[in-house]
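Remarks on the overall topology
Spelled out from the first residue to the last, the chains are:
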Amino acid sequence: MYTLEKDFRFEAMHVLEHHDGKCARPHGHSYGCTVRLRARELQAAGPKINMLMDFSDVSAVVRSMIEKFLDHRNLNETLGTDSPTAEFIARWIFDYLKPHLPLLSDVTVSETTTSRATYQPEPDHSHTGNGVSLVHHNSQRNRATQQPSSQHCGCTATDRS
């Protein structure tokens, strides 16, 4: 199994409205975001031979999302929730990116250098393939993208190559 990882950064603010501590006040983070793609085989021919996916192609997709929804944004507004935790953001990003990056296996979001959350869907053993299953458990729709609100998040235009 091959794994490709690409790191990104973005600056954003949020409020965890129901939190019982200081996170209930508006504050910001210099977020980190790592996207991981997995596949059993590399590309067998063409200009991307022996690649899982070109890093620049991954960057183009992720940077666009970060610019539109995450970087220098109020995540409560752009992600359509009153509690955009790192866990929520990781799931949001995964669900936003999965249609554009079919080999996406998981997303990690860091609020600090020591605090991070990863979203990885449980494998769907009912069929063969890359073992990733995307199931929407929340019927609420996100205002910005019309995707389920429990599935959004983002990273920034500055990547850590």
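Our subject in this report is the structure included herewith. Please read all numbers here as calculations on a predicted model, not as lab measurements.

1. Observations regarding the overall build of the protein chain
Summing up its helical and strand segments, the protein chain has 3 helices and 6 strands in all. Its helices and strands taken in sequence order, the protein chain reads β-β-α-β-α-α-β-β-β from the N to the C terminus. Out of the 161 residues belonging to the protein chain, those deemed buried represent 45%. Within the protein chain, contacts between residues at least 6 apart in sequence are counted, and of these 68% link residues at least 24 apart. Here the protein chain has roughly 8600 Å² of accessible surface; of this, 49% comes from carbon and sulfur atoms.

2. Quick word on the nonpolar core
Across soluble globular proteins, you tend to see nonpolar side chains buried next to one another. If you look at the biggest cluster of nonpolar residues, it comprises 34 residues, and the most contacted ones within it are Val35, Met65 and Ile93. Of all the elements, helix 3 (residues 86-97) adds the most residues to this core, at 9 residues.

3. Notes on the pattern of salt bridges
A side chain of one charge can pair with a side chain of the opposite charge if their charged atoms are brought near each other. A full pass over the atoms with the stated rule returns 5 salt bridges. For lysine 48, the salt bridge identified is with aspartate 57, shortest N-O distance 3.3 Å. For lysine 48, a relative accessible area of 23% translates into the label partly exposed. Taking relative accessible area as the criterion, aspartate 57 reaches 32% and is therefore assigned partly exposed. A single network of salt bridges, built from pairs that share partners, joins Glu5, Arg36 and Asp106.

4. A word on the packing of helix 1 (residues 55-70) against helix 3
Each pair of packed helices can be summarised by the angle the axes make with each other and by the distance between the axes. For the pair helix 1 and helix 3, interaxial distance at closest approach is 11 Å and the crossing angle is 125°. By the angle between their directions, the pair helix 1 and helix 3 is classed as oblique. Read as a crossing pair, helix 1 and helix 3 show a hand that is right-handed. Residues Val61, Val62, Met65, Phe69 and Leu70 of helix 1 form the contact with helix 3, whose participating residues are Trp92, Ile93, Tyr96 and Leu97. Across the contact of helix 1 with helix 3, the residue classes tally to 9 nonpolar, no polar and no charged.

5. A few points about the pairing of strand 4 (residues 104-110)
Where burial is concerned, most of strand 4 is hidden: 7 out of the 7 residues are buried. Alignment of strand 4 against strand 5 (residues 116-119), held across 4 bridges, turns out to be antiparallel. Bridging from a neighbouring strand, valine 109 pairs with alanine 117 of strand 5. From the end of strand 4 to the start of strand 5, which pair antiparallel, there are 5 residues.

6. Some words on the packing of aromatic side chains
This structure, assessed with the given rule, holds 5 aromatic pairs. Plain terms: the ring middles of phenylalanine 69 and tyrosine 96 are 5.2 Å apart, the flat faces sit at 70° to each other, and that makes the pair edge-to-face. Remark: tyrosine 96 occurs in helix 3 and phenylalanine 69 occurs in helix 1; sequence separation between them is 27 residues. Like tyrosine 96, phenylalanine 69 is buried. Ring geometry for phenylalanine 94 and tyrosine 119: centres 5.3 Å apart, planes at 70°, overall edge-to-face.

The rules behind these values
Residues numbered from 1 in each chain as written. Predicted model: local features only at pLDDT ≥ 70, side-chain atom pairs only at ≥ 80, totals over all residues. Heavy atoms only, no water. Helix = DSSP H or I, 4+ residues; strand = E, 2+ residues; numbered from the N terminus. Buried < 20%, exposed > 50% of the residue type's maximum accessible area, 1.4 Å probe, protein only. Contact = heavy atoms within 4.5 Å. Areas by Shrake-Rupley, 256 points an atom, 1.4 Å probe, with all protein chains shown as cover. Core = buried A, V, L, I, M, F, W, Y, C linked by side-chain atoms within 4.5 Å. Salt bridge = Lys/Arg side-chain N within 4 Å of Asp/Glu carboxyl O. Axes fitted to C-alpha atoms, helices over the stretch in contact; angles between N-to-C directions. Parallel < 35°, antiparallel > 145°, perpendicular 65-115°, else oblique. Left-handed = near helix turned anticlockwise from the far one by under 90°. Nonpolar A, V, L, I, M, F, W, Y, C, P; charged D, E, K, R; others polar. Pairing = 2+ DSSP bridges. Phe/Tyr/Trp six-rings, centres within 6.5 Å; stacked < 30°, edge-to-face > 60°.

Function-wise, these values are silent; they only describe arrangement.
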